[in-house]
Amino acid sequence: MSIQRIYVLGVPVDICKPQELESRIMELVEKPGAKQIVFLSVWDLLRARRKGEYSECVKNADLVLPVSKSILSGAKFLKKNVPVRYNPFDSVINILSVLTSHLKTLYILGGRKKTLMTAERHVRSTFKGLQVVGRYVGYYPKSVEDDIVQAIYKASPSLVLVSEGIKEKDTWSFTRRNRFSDSIFLYYHDAVGIFSQRITRVNERTFNKGLEIWSEIIRNPLKIFLVFPYMWYLILLLWTRVFKKAD
């Protein structure tokens, strides 16, 4: 199945309709080598415009799903096909449901020990056909990293769900991709926290309105300063639209 890929300010964004998600996930499961799904916010998009590991990670990702309403409005403003916006946690649930229905496997990486154990228990009870083949905490010392990578390689899970406590976030798996076998990697910071019920997920109505940033600001008031990169994003869109700068 072919997923259409557009570029917003030079950054790839995939147009994947909800009804296409299951076939795309299973296509990735069957694809050899390490694969990656990226949840892309508007802040991530701005970061991906700069040269570096994260930019290469996004460009090489097998599926880039937009999570910010601003990316959709940006695509529309640039007169491109408008992608579908995904709620990260709902998407994780849907992906796990797909893997469960096909009796696939999962490895969970991230979180503190107690939080991770609680999250794993809830995942096992919710997705009964999904085999959890391993887990390891985040915030781990560098000395154990080779053991973690080797454990994931040997387990060869269908999906590695990467969460809090992994400093490199999306690029953790990307920079080590040649050391893994056939797994899909997906980073979502709040996954373990929400599954363990330590973190409350964003209200669906708030997300649909594109106001989830206010929940983040409540948790971290310093994020109010994200208004400045957002203004830069709007300027870049206008510049691209007016001068027809090629992506």
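Just so you know, these numbers come straight off a predicted model, no measurement behind them.

Rules and cut-offs
Within every chain, residues take consecutive numbers counted from 1 along the sequence as written. Confidence filtering applies because this is a predicted model: local features only for residues at pLDDT of at least 70, side-chain atom pairs given and counted only at 80 or more, and all residues used for totals across whole chains, interfaces and linings. As a rule here, side-chain values come from all non-hydrogen atoms in the structure, and water together with hydrogens is ignored. Secondary structure elements are taken from DSSP: a helix is a run of H or I of four residues or more, a strand is a run of E of two residues or more, and numbering for both begins at the N terminus. In this treatment the radius of gyration is a C-alpha quantity, and the globule benchmark scales as 2.2 Å times the residue count to the 0.38 power. In this charge count, Lys and Arg are treated as positive and Asp and Glu as negative; neither His nor the chain ends contribute. The atom standing in for a charge is NZ when the residue is Lys, CZ when it is Arg, CG when it is Asp and CD when it is Glu. Two kinds of site are reported from a 1 Å grid over the protein atoms alone, namely cavities, where a 1.4 Å probe fits but cannot get out, and pockets, open sets with protein on both sides within 12 Å along at least five of seven lines, and residues are called lining when an atom falls within 4 Å of a point. Grid points are joined across faces, edges and corners, and a volume is the space filled by probe spheres set on the points. Under the grouping applied here, Gly and all other residues not named as nonpolar or charged are polar, the nonpolar ones being Ala, Val, Leu, Ile, Met, Phe, Trp, Tyr, Cys and Pro and the charged ones Asp, Glu, Lys and Arg. Only protein chains enter the calculation, and the probe is 1.4 Å; a residue is then buried if its accessible area is under 20% of its type maximum, exposed if over 50%, and partly exposed in between. Arc, as used here, means the arc of the directions from the helix axis to the C-beta atoms. We call two residues contacting when some pair of their heavy atoms lies within 4.5 Å. Two strands form a pair only when DSSP identifies at least two bridges running between them. Fitted lines through C-alpha atoms give the axes, limited to the stretch in contact for helices. The angle between two N-to-C directions lies from 0 to 180 degrees. By the definition adopted for this analysis, an angle is roughly parallel if under 35 degrees, roughly antiparallel if over 145, roughly perpendicular if from 65 to 115, and oblique otherwise. Note on convention: the crossing is left-handed when the near helix lies turned anticlockwise from the far helix by less than a right angle, right-handed when the turn is clockwise. Multiplying one less than the number of residues by 1.5 Å gives the expected span of a helix. Identification of polar contacts relies on pairs of N or O atoms within 3.5 Å, with a donor-acceptor requirement for protein atoms, meaning one able to donate a hydrogen and the other able to accept it, and with residues adjacent in sequence counted only if both atoms are side-chain atoms.

Asks: Explain the overall build of the protein chain residue by residue, including any values.
Replies: From N to C terminus, the protein chain includes 12 helices and 8 strands. For 247 residues, the compact-globule formula gives about 18 Å, and the C-alpha radius of gyration of the protein chain, at 18 Å, lands near that figure. Dimensions along the principal axes, computed over C-alpha positions, put the protein chain at roughly 50 × 40 × 35 Å. If the 39 positive side-chain charges of the protein chain are averaged to one point and the 23 negative ones to another, these points end up 5 Å apart.

Asks: Please give an account of empty space enclosed by the protein that cites residues and values.
Replies: Tallied over the full model, the rule gives 1 cavity of 30 Å³ or more. Space inside the largest cavity adds up to approximately 30 Å³. In this structure, the largest cavity is lined by Ile 108, Ala 119, Glu 120, Val 123, Leu 161, Val 192 and Phe 195. Those elements that provide at least two residues to the lining of the largest cavity are α6 (113-126) and α9 (191-195). No other element matches α6, which puts 3 residues into the lining of the largest cavity. Class assignment for the residues of the lining of the largest cavity results in 6 nonpolar, no polar and 1 charged.

Asks: Got a sec to walk through helix α3 (residues 53-60)? Specific residues and values, please.
Replies: Taken together, the buried positions of α3 are occupied by Tyr 54, Ser 55, Cys 57 and Val 58. Projected down its long axis, α3 carries its buried residues within an arc of 160°, all on one side. Along its buried surface, α3 packs onto β2 (11-15), β3 (35-40), α2 (42-48), β4 (63-66) and α8 (170-174).

Asks: Describe the sheet that holds strand β8 (residues 184-187), with residues and values.
Replies: Spatial strand order, β4-β3-β8-β7-β5-β6: 6 strands in an open sheet with parallel pairing. Whereas interior strands pair on both sides, the edge strands pair on one side only; in this sheet they are β4 and β6 (131-136). Between one strand axis and the next, the sheet turns through 20° on average, direction left out of account. Bridge analysis of strand β7 (residues 159-162) against β8 gives 4 bridges, and the strand direction is parallel. Residue pairing across strands places Leu 159 opposite Ile 184, the latter belonging to β8. Sitting on the sheet, helix α7 (residues 145-155) is in contact with β5 (105-109), β6, β7 and β8, with an inclination near 170° to β5.

Asks: Requested: an account of the environment of Lys 244, with residues and values cited.
Replies: Structurally, the position occupied by Lys 244 is in the segment after α12 (227-243). Once the C-alpha coordinates of Lys 244 and Leu 78 are considered, the two residues, 166 residues apart in sequence, prove to be 8.9 Å apart.

Asks: An account of the packing of helix α4 (residues 69-77) against α12 is needed here, citing residue identities and associated values.
Replies: Contact pair α4 / α12: the axes reach a minimum separation of 10 Å and the direction vectors enclose 15°. Of the possible angle classes, the one that applies to α4 and α12 is roughly parallel. Crossing hand, α4 versus α12: right-handed. Where α4 approaches α12, its residues Ser 70, Ile 71, Gly 74 and Phe 77 are matched on the opposing element by Tyr 230, Tyr 233, Leu 237, Leu 238 and Arg 241. Of the residues in the contact of α4 with α12, the class split is 6 nonpolar, 2 polar and 1 charged.

Asks: Tell me about unusual backbone geometry, residues and numbers included.
Replies: Although it is not a glycine, Lys 79 sits at a positive phi angle of roughly 60°. Considering the arrangement of structural elements, one finds Lys 79 in the loop between α4 and α5 (88-101). Positioned with a positive phi, Ser 156 is a non-glycine residue whose angle comes to about 45°. For Ser 156, the location among the structural elements is in the loop between α7 and β7. On the accessibility criterion, Ser 156 (30% relative accessible area) is partly exposed.

Asks: Before we move on, could you go through the pairing of β2 and cite the residues and values that matter?
Replies: Counting buried residues along β2, 5 of its 5 residues qualify, which places the element largely inside the surrounding structure. What you see with β2 is no split at all: Val 11, Val 13 and Ile 15 on one side and Pro 12 and Asp 14 on the other are buried throughout. Bridge count between strand β1 (residues 4-8) and β2: 5 bridges; the pairing is antiparallel. Bridge assignment links Arg 5 to a residue of β2, and that residue is Asp 14.

Asks: If you had to explain α5 to someone new, which residues and values would you point to?
Replies: Every α-helix winds through 3.6 residues per turn, so residues three or four apart in the chain are directed the same way. The end-to-end C-alpha distance of α5, which contains 14 residues, comes to 20 Å, matching closely the 20 Å that a straight helix rising 1.5 Å per residue would cover. Residues Pro 88, Phe 89, Ser 91, Val 92, Ile 95, Leu 96, Val 98, Leu 99 and Thr 100 constitute the buried set of α5. Near the N-terminus of α5, the side chain that reaches the backbone nitrogen of Phe 89, with its oxygen 3.2 Å away, is that of Asn 87. Immediately beyond the C-terminal end of α5, within one or two residues, lies Leu 103, with a positive phi of roughly 55°.

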